[in-house]
Amino acid sequence: MTQKEAFEILKAGHSVYLTGAAGSGKTYLLNEFIGFLREQRIGVGVTASTGIAATHLGGLTIHSWAGINIARSASDQEIQMMASNRRVAKRFAKTDVLIIDEISMLDAARLSLVDRVARVAKGSWEPFGGMQTVLCGDFFQLPPIAKTGEPPPQFAYHAPAWKELN
């Protein structure tokens, strides 16, 4: 598939897993898509699993953006608190498209947590609260990491939300 074909799929509003080898132009395509969304005045949440990757897109870490910080799980009450945080609620309210770059480094538990917060914040039980979701990365590059004492992390594609995005 060419970048042009991928760009057309993104513009059509489909949730997408965008992948390719290192240097294939994933970040370039994301930046083009972000520019398109902003020109069209479509709210976009620009995030990545690491701070360095987030700066390449002019965004935030997904952990900060979604208000999950370093948590891997949360109770329903904690999810409600995360979603009702003034900054987080404002971000979700203004966002129609959520981009998460370097998805290979975000484990399934944290992706599920972002999904749960999004559903509550957006008031929709669709995956990620109904936002178009663009997950970008290469699972042959960097794997997710866990703190000492945490269970071994699973890749993001093991998260139920990944499967629900179809």
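See the structure printed just above.
The notes below deal with the structure included here.

Definitions and cut-offs
Residues numbered from 1 in each chain as written. Predicted model: local features only at pLDDT ≥ 70, side-chain atom pairs only at ≥ 80, totals over all residues. Heavy atoms only, no water. Helix = DSSP H or I, 4+ residues; strand = E, 2+ residues; numbered from the N terminus. Rg over C-alpha atoms; globule rule 2.2 N^0.38 Å. Buried < 20%, exposed > 50% of the residue type's maximum accessible area, 1.4 Å probe, protein only. Contact = heavy atoms within 4.5 Å. Areas by Shrake-Rupley, 256 points an atom, 1.4 Å probe, with all protein chains shown as cover. Lys, Arg positive; Asp, Glu negative; His and termini not counted. Charge placed at Lys NZ, Arg CZ, Asp CG, Glu CD. Core = buried A, V, L, I, M, F, W, Y, C linked by side-chain atoms within 4.5 Å. Salt bridge = Lys/Arg side-chain N within 4 Å of Asp/Glu carboxyl O. Axes fitted to C-alpha atoms, helices over the stretch in contact; angles between N-to-C directions. Parallel < 35°, antiparallel > 145°, perpendicular 65-115°, else oblique. Left-handed = near helix turned anticlockwise from the far one by under 90°. Nonpolar A, V, L, I, M, F, W, Y, C, P; charged D, E, K, R; others polar. Pairing = 2+ DSSP bridges.

### A few points about the overall build of the protein chain
Here's step 1: Broken down by element type, the protein chain carries eight helices and five strands.
Here's step 2: When the elements of the protein chain are put in sequence order from the N terminus, they spell out α-β-α-β-α-β-α-α-α-β-α-β-α.
Here's step 3: Compactness check: the protein chain gives a C-alpha radius of gyration of 15 Å against a globular reference of 15 Å for 166 residues, within 12% of the reference.
Here's step 4: Once the C-alpha set of the protein chain is aligned to its principal axes, its extents read approximately 45 × 35 × 30 Å.
Here's step 5: Counting over 166 residues, the protein chain shows a buried share of 45%.
Here's step 6: Here the analysis covers contacts within the protein chain between residues at least 6 apart in sequence; of these, 70% occur between residues at least 24 apart.
Here's step 7: Accessible area for the protein chain stands at about 8,800 Å²; split by element, carbon and sulfur atoms hold 54% of it.
Here's step 8: Of the side chains in the protein chain, 17 bear a positive and 15 a negative charge, and the two mean positions are spaced by 7 Å.

### Looking at the nonpolar core
Here's step 1: Ile62, Phe92, Leu98, Ile100, Ile103, Leu111 and Phe128 are the most contacted members of the largest nonpolar core, which totals 29 residues.
Here's step 2: Going through the elements one at a time, α4 (62-65), α5 (76-84), α6 (86-93), β4 (97-101), α7 (108-122) and α8 (160-165) are the ones with two or more residues in this core.
Here's step 3: Of all the elements, α7 adds the most residues to this core, at six residues.
Here's step 4: Contacts of phenylalanine 128, omitting those with residues within four sequence positions, involve Leu98, Leu111, Val114, Asp115, Ala118, Arg119, Thr133, Ala161 and Leu165.

### Describing the pattern of salt bridges
Here's step 1: If you walk through the whole model with that rule in mind, you get six salt bridges.
Here's step 2: For aspartate 107, the salt bridge identified is with arginine 72, shortest N-O distance 3.3 Å. A residue pair is termed long-range when its members are at least 10 positions apart, and aspartate 107 in the loop between β4 and α7 and arginine 72 in the loop between α4 and α5 qualify at 35 residues.
Here's step 3: Judged by its relative accessible area of 1%, aspartate 107 is buried.
Here's step 4: Under the relative-accessibility criterion, arginine 72 is labelled buried at 17%.
Here's step 5: Salt bridges sharing common partners tie together Arg72, Asp107 and Arg110.

### Overview of the packing of α5 against α7
Here's step 1: Running from N to C, α5 and α7 point in directions that differ by 65°, and their axes come no closer than 9 Å. By the angle class used here, α5 and α7 are roughly perpendicular. Relative to α7, α5 is oriented so that their crossing is right-handed. Along the contact surface, α5 presents Asp76, Ile79, Gln80, Met82 and Ala83, while α7 presents Leu113, Arg116, Val117, Val120 and Ala121.
Here's step 2: Of the residues assigned to the contact of α5 with α7, the class counts are seven nonpolar, one polar and two charged.

### Quick notes on the sheet that holds strand β3 (residues 60-61)
Here's step 1: Reading across from one edge, β1-β5-β4-β2-β3 is the order of the five strands in this open sheet, with parallel pairing throughout. Edge positions in the open sheet fall to β1 (16-18) and β3, since each of these has one partner strand only.
Here's step 2: Sheet topology places β1 next to strand β5 (residues 132-136); three bridges connect them, and they run parallel. Within the sheet, the bridge partner assigned to valine 16 lies in β5 and is valine 134.
Here's step 3: Docked against the sheet, helix α2 (residues 26-39) engages β1, β2 (44-48), β4 and β5, running at close to 160° with respect to β4.

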